[in-house]
Amino acid sequence: MTEIVIATKNAGKVREFAALFEKRGIEVKSLLDFPDVPDVEETGSTFAENAKIKAEAAADRLRRPVIADDSGLAVDALGGRPGVYSARYAGEEKNDARNIAKLLSELEGVPMEKRTARFHCALAVAIPGRPTAVVEATCDGYITEAPRGEGGFGYDPVFYVPERGKTMAELAPDEKNVISHRAKALAKLEEQWDDIIGEKGGSE
Ligand SMILES: O=c1[nH]c(=O)c2ncn([C@@H]3O[C@H](COP(=O)(O)OP(=O)(O)OP(=O)(O)O)[C@@H](O)[C@H]3O)c2[nH]1
Ligand SMILES: [Mg+2]
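Residues numbered from 1 in each chain as written. Chains lettered and ligands numbered in written order. Predicted model: local features only at pLDDT ≥ 70, side-chain atom pairs only at ≥ 80, totals over all residues. Heavy atoms only, no water.

Asker: Explain the layout of surface pockets to me, and be specific about the residues and the numbers.
Answerer: In this structure, the largest pocket occupies an estimated 940 Å³ of space. Lining the largest pocket are 35 residues, and of these Lys13, Glu42, Lys54, Ala87 and Lys94 sit closest to its centre. Those elements that place two or more of their residues in the lining of the largest pocket are helix H2 (47-62), strand S3 (66-75), helix H3 (96-106) and helix H5 (181-197). It is S3 that provides the largest number of residues to the lining of the largest pocket, a total of 4 residues. Residues of the lining of the largest pocket, tallied by class, amount to 12 nonpolar, 8 polar and 15 charged. A volume near 150 Å³ is recorded for the second largest pocket. If you trace the second largest pocket, you find it lined by Gly12, Arg15, Glu16, Ala19, Gly151, Gly152, Met168, Leu171, Ala172, Pro173, Lys176 and Asn177. Elements represented by at least two residues in the lining of the second largest pocket include exactly helix H1 (11-22) and helix H4 (173-179). (1 Å grid on protein atoms, 1.4 Å probe; cavity = no way out; pocket = protein on both sides within 12 Å on 5 of 7 lines; lining within 4 Å. Points joined across faces, edges and corners; volume = space filled by probe spheres on them. Helix = DSSP H or I, 4+ residues; strand = E, 2+ residues; numbered from the N terminus. Nonpolar A, V, L, I, M, F, W, Y, C, P; charged D, E, K, R; others polar.)

Asker: Please set out the sheet that holds strand S6 (residues 159-161) residue by residue, giving values where relevant.
Answerer: Strand order in the open sheet formed by 7 strands is S2-S1-S3-S4-S5-S6-S7, and the pairing between neighbours is mixed. Among the strands making up the open sheet, the edge pair consists of strand S2 (27-30) and strand S7 (166-167). In this sheet, S7 lies alongside S6 in antiparallel orientation, the contact comprising 2 bridges. Bridging across to S7, tyrosine 160 finds its partner in threonine 167. (Pairing = 2+ DSSP bridges.)

Asker: Describe the UniProt feature "binding site: Mg(2+)" (unreviewed entry) in the protein chain, listing the residues and the values that go with them.
Answerer: Mapped onto this structure's residue numbering, the UniProt feature "binding site: Mg(2+)" (unreviewed entry) falls at Glu41 and Asp70. In three dimensions, the annotated residues from a span of 30 residues occupy one location, with a maximal C-alpha spread of 12.2 Å. Looking only at the residues we just named, the largest pocket is lined by Glu41 and Asp70. One can find glutamate 41 in the loop between S2 and H2. The class for glutamate 41 is exposed, based on a relative accessible area of 64%. (UniProt positions renumbered as here; feature names shortened; annotations may be inferred. Buried < 20%, exposed > 50% of the residue type's maximum accessible area, 1.4 Å probe, protein only.)

Asker: Tell me about the side chain of serine 86, and name the residues and values.
Answerer: One can find serine 86 in the loop between S3 and H3. Polar contacts involving the side chain of serine 86 include one to the main-chain carbonyl oxygen of glycine 83, which spans 2.6 Å. (Polar contact = N/O pair within 3.5 Å; in protein donor to acceptor, adjacent residues only side chain to side chain.)

Asker: Got a sec to walk through the nonpolar core? Specific residues and values, please.
Answerer: Counting residues in hydrophobic clusters, the biggest one holds 22 residues, and the most contacted among them are Phe21, Ile67, Leu123 and Leu189. Sorting the residues of this core by element identifies strand S1 (3-6), H1, strand S4 (116-126), strand S5 (133-143) and H5 as the ones contributing at least two each. Excluding residues that lie within four positions of it along the chain, phenylalanine 21 makes contacts with Ile4, Ile6, Ile26, Val28, Ile67 and Leu186. (Core = buried A, V, L, I, M, F, W, Y, C linked by side-chain atoms within 4.5 Å. Contact = heavy atoms within 4.5 Å.)

Asker: If you had to explain the packing of H1 against H5 to someone new, which residues and values would you point to?
Answerer: Where H1 contacts H5, the two axes come as close as 11 Å, and the packing angle between them is 45°. Considered as vectors, H1 and H5 are oriented oblique to each other. The two elements H1 and H5 cross, and the hand of that crossing is right-handed. In contact with Lys13, Glu16, Phe17, Leu20 and Phe21 of H1, H5 contributes Arg182, Ala183 and Leu186. For the contact of H1 with H5, the per-class residue count stands at 5 nonpolar, no polar and 3 charged. (Axes fitted to C-alpha atoms, helices over the stretch in contact; angles between N-to-C directions. Parallel < 35°, antiparallel > 145°, perpendicular 65-115°, else oblique. Left-handed = near helix turned anticlockwise from the far one by under 90°.)

Asker: Pulling in residues and values, what's your account of the site of ligand 1?
Answerer: Around ligand 1 there are 21 residues in total, and Thr8, Lys54, Phe153, Tyr155 and Asp156 lie nearest to it. One of the backbone nitrogen or oxygen atoms of tyrosine 155 is found 2.5 Å away from an oxygen atom of ligand 1. In this structure, aspartate 156 approaches ligand 1 through a main-chain N or O atom, which is 2.5 Å from an oxygen atom. When the free accessible area of ligand 1 is taken as 620 Å², the share hidden by the protein chains comes to 95%. In a pocket analysis with a 2 Å cut-off to the grid points, ligand 1 is assigned to the largest pocket. Residue assignment for the shell around ligand 1 shows that the elements contributing at least two residues are S3 and H5. Among the elements that line the shell around ligand 1, the one with the most residues is S3, at 4 residues. Taken together, the residues of the shell around ligand 1 sort by class into 4 nonpolar, 7 polar and 10 charged. (Near = heavy atom within 4 Å. Areas by Shrake-Rupley, 256 points an atom, 1.4 Å probe, with all protein chains shown as cover. Sits in = over half its atoms within 2 Å of the grid points.)

Structure (structure tokens):
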């Protein structure tokens, strides 16, 4: 395979997948390259369900193998919220700065040791005519009291990674792409890749 479509319009995800697949010699296309594919409603109650919905809708439309990523942040002190609503936490317009502001205000007064959280990533691979495969991975950390760093996207400026002593947004892209929920899920996918795509899978 030389090219794969990721069913997303999130430019932050596209950037990370492009870097992750580049190492494997595969070029990444996204729905930004296929603007005619309609948006699909994320009606699932889990990351896995939403990833499956997005992957199958795009694969049906494009008639080729597609990977979709559904991801988000689960904060323990908030009972797992924002969870599958991470992108639209502060409103349908999906504004990262407003999402962060809402998160910090909900966590006001919560001490650092109780600000534990994790990023989740579910990746679904939909290939026309085959059952959809889903893999999942997480990355543990803490929510800081103020944003730090310019890298990444989404909640990265307030997600502290204890092993690195930095927020995700302070890590270089190459560092994030080793430890992130997305990188770990992709590594799992790779382990299962031959079973998932079988002999005739992929797109040349
Ligand atoms: O700081 C972050 N670092 C990450 O690495 C990360 N991964 C996911 N997220 C958050 O979770 C939402 C996904 O929601 P989501 O999977 O529905 O994606 P989306 O709606 O942005 O695009 P699409 O892929 O659905 O087209 C995103 O918007 C972010 O807020 C992240 N935040
Ligand atoms: Mg979405």
